[in-house]
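Structural description and commentary
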Amino acid sequence: MDECPLCAARAPMIFVRRWAEYRLYDCPDCGAGFCDPFKNPGSGYYEQKSDLYAVSVSEKTDPMTFEYDEALALLRREVPSGGRLLDVGCGSGGFLHRARAAGFSVAGLDFNSARARALKAGGFDVFHGGLPEFTRGATPASFDAVTIFQVIEHLDDPLAWLKSAKSLLKPGGLLVVGTPNRDRTFDPFKDPSITDVDMPPHHLTRWNARALSRLLTRGGFTVIECRPLAYPLPVLQLILRNSLRLGLAVKALNVDQLRHAPAGDAAPGARAALVKSLVGVKQTLLDAAAWTAYPFFRAAYAAFGWEGIVLFAAAK
């Protein structure tokens, strides 16, 4: 691999590791990471991922990140009241609900046709497909703001999407981007049960602040800010749960052996219920511990320069 598909730099790419049928590389020039083969799997892939992309409408945003709060605070400062906003990758519509409640005129775009239909039925102006395709039929310079949360890491041509966003923005319009931070200090994706969420074909690219800033600049934007966000409390709770997932309750009760118990034996159900109860108690205790430790965790985050799991960028 001697060319970066993100910045077109021609130099030996840095091989990182293999993942399934993919090879992961880093670009020594732009600092981003990418996979080979480098191809988005298409909208059908996401429509089949019902565990991650449920067909539902929600009035709330994911409590795992602060990016939506940060974005709304910035939008209120930078965009006129009643301004037009396009949320790219609008998902279940949580940010559309919140932005509309904040006084913005909102529209959405999503890969998932079923979710787009559900939001349209809920009264939102939502379109199905990719941003470059949407742009070809849209009026140029017709939006005051474009938000792109947790999308660019899925794209095999993120620069084209940024250029499309730029063509839709009015002069001085605001672009807000959120994406996973590859330089995160604590990584909840190390849990084997969710490792594939941050790997191809789900996530094709990996970004840090330097690489994302360079991408925005190449897209014709002036970067206002690009920084990792602090860890919200639910992420600390998840990290504690994953780090202390020892399987002791299951081992102690020999749950695996219960699969071979005689038919009609009531013990497996009773023991499995006990395991479930013990796990619930452990999670409650860990959540309480995280809540108690959270102020100290935030202080340490600031003091030691830790980096959170989400990058937040704004540009004009």
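The structure reproduced in this document is the subject of the present report. None of these values were measured; they are calculated from a predicted model.

Digging into the sheet that holds strand β2 (residues 22-26)
Ordered in space as β1-β2-β3-β9, the 4 strands form an open sheet in which the pairing is antiparallel. Since the sheet does not close on itself, it has two edges, and those belong to β1 (14-19) and β9 (205-206), each with one partner. Sheet topology note: the strand β3 (residues 33-36)/β9 ladder contains 2 bridges and is antiparallel. What sits directly across from G33, in β9, is R206.

Things to note about the pattern of salt bridges
For the structure shown, the criterion picks out 12 salt bridges. Put simply, D2 and R10 hold a salt bridge, and the shortest N to O gap is 3.6 Å. Residue class for D2 comes out partly exposed when judged on its relative accessible area of 46%. Connected through salt bridges with shared partners, the residues D2, E3 and R10 form a single ionic network.

Section: the packing of helix α6 (residues 158-168) against helix α7 (residues 209-218)
One way to put it is that α6 packs onto α7 with a least axis distance of 9 Å and a crossing angle of 55 degrees. Our classification of the angle between α6 and α7 gives oblique. When you trace α6 past α7, the crossing you get is right-handed. Of α7, the residues touching α6 (which contributes P158, L159, L162 and K163) are L215, L216 and R218. Of the residues assigned to the contact of α6 with α7, the class counts are 5 nonpolar, no polar and 2 charged.

Concerning α7
Regarding α7, the residues found buried are A211, L212, L215 and L216. Along the long axis of α7, the arc covered by the buried residues comes to 135 degrees, so they all point the same way. Summarising the contacts, the buried residues of α7 are in contact with α6, β8 (169-180), β10 (223-228) and β11 (310-315). Of the residues one or two after α7, G220 is the one with positive phi, at around 95 degrees.

Details of the side chain of R115
Relative to the helices and strands, R115 resides in helix α4 (residues 113-121). Residue R115 is classed as buried on the basis of its relative accessible area, which comes to 7%. With residues up to four places along the chain from it excluded, the contact list for R115 reads Y53, A54, V55, G91, S92 and D110.

Overview of the sheet that holds β8
Strand order in the open sheet formed by 7 strands is β6-β5-β4-β7-β8-β11-β10, with mixed pairing between adjacent strands. Because the sheet does not close on itself, it has two edges, and the strands there are β6 (125-128) and β10. Strand-to-strand twist across the sheet, computed as the mean angle between neighbouring axes with direction ignored, equals 15 degrees. Sheet topology places strand β7 (residues 143-149) next to β8; 6 bridges connect them, and they run parallel. Opposite F149, over in β8, you have G178 as the bridge partner. Set on the sheet, α7 makes contact with β8, β10 and β11; between it and β10 the angle comes to about 155 degrees.

A word on the packing of aromatic side chains
Enumeration according to the criterion identifies 18 aromatic pairs in this entry. Ring centres of F95 and F149 lie 5.0 Å apart, and the angle between their planes is 70 degrees; this geometry places the pair in the edge-to-face category. With F95 in helix α3 (residues 94-101) and F149 in strand β7, the pair connects residues that are 54 residues apart, well separated along the chain. A ring pair is formed by F186 and Y231, whose centres lie 5.9 Å apart and whose planes are at 65 degrees; its orientation type is edge-to-face. Note that F186 is positioned in the loop between β8 and β9 and Y231 in the loop between β10 and α8 (233-243), a separation of 45 residues in sequence. Members of the aromatic cluster, connected to one another through ring pairs, are F186, Y231, F297, Y301, F304 and W306. One residue, R84, lies across the ring of F143, its end atom 4.2 Å from the ring centre. The lysine or arginine in question, K120, covers the ring of F127, its NZ or CZ lying 6.0 Å from the ring centre.

The rules behind the values
- Residues numbered from 1 in each chain as written.
- Predicted model: local features only at pLDDT ≥ 70, side-chain atom pairs only at ≥ 80, totals over all residues.
- Heavy atoms only, no water.
- Pairing = 2+ DSSP bridges.
- Helix = DSSP H or I, 4+ residues; strand = E, 2+ residues; numbered from the N terminus.
- Salt bridge = Lys/Arg side-chain N within 4 Å of Asp/Glu carboxyl O.
- Buried < 20%, exposed > 50% of the residue type's maximum accessible area, 1.4 Å probe, protein only.
- Axes fitted to C-alpha atoms, helices over the stretch in contact; angles between N-to-C directions.
- Parallel < 35°, antiparallel > 145°, perpendicular 65-115°, else oblique.
- Left-handed = near helix turned anticlockwise from the far one by under 90°.
- Contact = heavy atoms within 4.5 Å.
- Nonpolar A, V, L, I, M, F, W, Y, C, P; charged D, E, K, R; others polar.
- Arc of directions from axis to C-beta.
- Phe/Tyr/Trp six-rings, centres within 6.5 Å; stacked < 30°, edge-to-face > 60°.
- Lys NZ or Arg CZ within 6 Å of the ring centre and 35° of its normal.

Nothing here speaks to function; it is geometry throughout.
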